[in-house]
Amino acid sequence: MDFQEEELATSSSNIADTKFDITIGHIEDIIMEEKFQELQNDFLENNWEEFEDTEENKFIYTDIHQEYLNLIETFLEEELNVRMTGFSMTEFSKQLISRRGKEELDGEIFEILLTFSDFLAFKEMVLDYRADKEGKTIDLTDGIKITKMADPPAEPVPLATNNGTKDNSIHHKDKR
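Sequence positions are assigned chain by chain, starting from 1 and proceeding in written order. Since the coordinates come from a predicted model, pLDDT governs what is reported: local features require at least 70, and pairs of side-chain atoms require 80 or more to be given and counted, while whole-chain, interface and lining totals use all residues. For side-chain calculations, the full set of non-hydrogen atoms in the structure is used, while hydrogens and water are omitted.

Secondary structure follows DSSP: runs of H or I at least 4 residues long count as helices, runs of E at least 2 residues long count as strands, and numbering of each begins at the N terminus. Within the protein, the secondary structure is distributed over 6 helices and 2 strands. From first element to last, N terminus to C terminus, the protein shows the α and β order α-α-α-α-α-α-β-β. For the protein, buried positions account for 26% of its 176 residues. In these tables, accessible area is a Shrake-Rupley quantity obtained with a 1.4 Å probe, and a residue counts as shielded only by the protein chains included in the view. Looking at the protein as shown, the accessible area adds up to about 13600 Å², and 51% of this sits on carbon and sulfur atoms. Between buried and exposed lies partly exposed: a residue is buried under 20% and exposed over 50% of the maximum accessible area for its type, with that area taken using a 1.4 Å probe on protein chains only.

Okay, here's the thing in structure tokens:
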């Protein structure tokens with residue numbers, strides 16, 4: 001491989017990485033928007049009662065997961081097509097699969113993306129929703145007590161001066 005071929009290969013790799021990063025940025029924006037949150041919550045609301053926290057997986061779970069995949073993938077693809085000219089969900093999915101298991105896929109966005117393709121991650125999301133609906137989540141705020149700190153004195157506190165007399169002026173450290 002000569003210098004120009006190597007430069008071209010590096011350049012196309014960087015273009016693919018940049019496009020992947022831009023796509024991830026758009027997906028982060030999309031999933032934080034109210035439209036997506038409502039779509040996902042409506043789906044969970046309609047299906048959470050079907051799931052049980054057991055090792056056994058019912059056949060209906062597969063159907064529900066497939067319905068979720070179709071719903072979310074269609075929504076994301078429509079939104080990404082509006083935001084990115086020439087977006088291809090098939091190409092993005094290939095890039096996502098090729099990067100899976102690498103450090104570069106750490107973070108909350110990839111956990112969410114994992115629920116689209118990984119059944120167990122999806123089931124865990126639904127079970128978390130169920131636990132929340134049934135009031136079985138752990139409330140970590142029970143042990144927290146918030147108290148107001150003491151109010152500052154209304155009058156300036158007199159400071160002793162070098163000669164032992166009281167100085168009623170407020171002293172500030174020189175920040176120079």
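Resuming the write-up.
Bringing the packing of aromatic side chains into the picture now. Stacked, tilted and edge-to-face pairs are distinguished by plane angle, under 30 degrees for stacked and over 60 for edge-to-face with tilted covering the rest, among Phe, Tyr and Trp rings (Trp via its six-membered ring) whose centres lie within 6.5 Å. All told, the structure shown has 10 aromatic pairs when counted by the stated rule. Taken together, a centroid distance of 5.8 Å and an interplanar angle of 75° make the contact between Phe51 and Phe122 edge-to-face. In this pair, Phe51 sits in the loop between α2 (34-47) and α3 (59-83) while Phe122 sits in helix α6 (residues 119-133), placing the two residues 71 residues apart along the sequence. Judged by relative accessible area, which is 0%, Phe122 ranks as buried. An angle of 40° between the planes, with centres 4.9 Å apart, marks the rings of Tyr68 and Phe122 as tilted. Highlighted residues: Tyr68 in helix α3 and Phe122 in helix α6, separated in sequence by 54 residues. Phe122 shares its class with Tyr68; the two are buried.

Once that is clear, we can look at the confidence of the model for the protein. Each residue carries a pLDDT score, the predictor's own confidence in it, on a scale running from 0 to 100. Looking at the protein as a whole, the pLDDT averages 78, with 68% of positions reaching at least 70. Summarising per-element confidence for the protein, the mean pLDDT is lowest in strand β2 (residues 166-167) (52) and highest in α2 (95). Segment residues 1-11 is flagged for pLDDT under 50; beyond a separation of four residues in sequence, or across chains, it makes 1 contact in the model. Only heavy atoms enter the contact rule, under which two residues are in contact if any of them lie within 4.5 Å.

The subject of this paragraph is the environment of Gln37. Within the secondary structure, Gln37 sits in helix α2. Setting aside residues no more than four positions away along its own chain, Gln37 makes contact with Ile31 and Met32.

We now examine the pattern of salt bridges. Think of a salt bridge as a Lys or Arg side-chain nitrogen and an Asp or Glu carboxyl oxygen that are within 4 Å of each other. With the rule as written, the count across this model stands at 7 salt bridges. Across the pair Lys35 and Glu79 runs a salt bridge whose closest N-O atoms are separated by 3.0 Å. Linking Lys35 in helix α2 with Glu79 in helix α3, this pair joins segments that are 44 residues apart in sequence. Glu52 is paired through a salt bridge with Lys58; the nearest N and O atoms lie 3.1 Å apart. A residue is classified by how much of its surface remains accessible, and Lys58, at 32% relative accessible area, is partly exposed.

Time to look at a negative patch on the surface. Exposure above 30% relative accessible area and the lack of any salt bridge qualify a residue for a patch; like charges then connect within 9 Å, and the nonpolar side chains Val, Leu, Ile, Met, Phe, Trp and Tyr within 5 Å. The convention is simple: Lys and Arg are positive, Asp and Glu are negative, and His and the chain ends are not counted. For charged residues, the charge sits on one atom: NZ in Lys, CZ in Arg, CG in Asp, CD in Glu. Judged by side-chain charge, Glu28, Asp29, Glu108, Glu111, Glu124, Asp128 and Asp132 come together as a negatively charged surface patch. Those elements giving two or more residues to the negative patch turn out to be α1 (3-32), α5 (108-117) and α6. When you line up the elements, Glu124 lands in helix α6.

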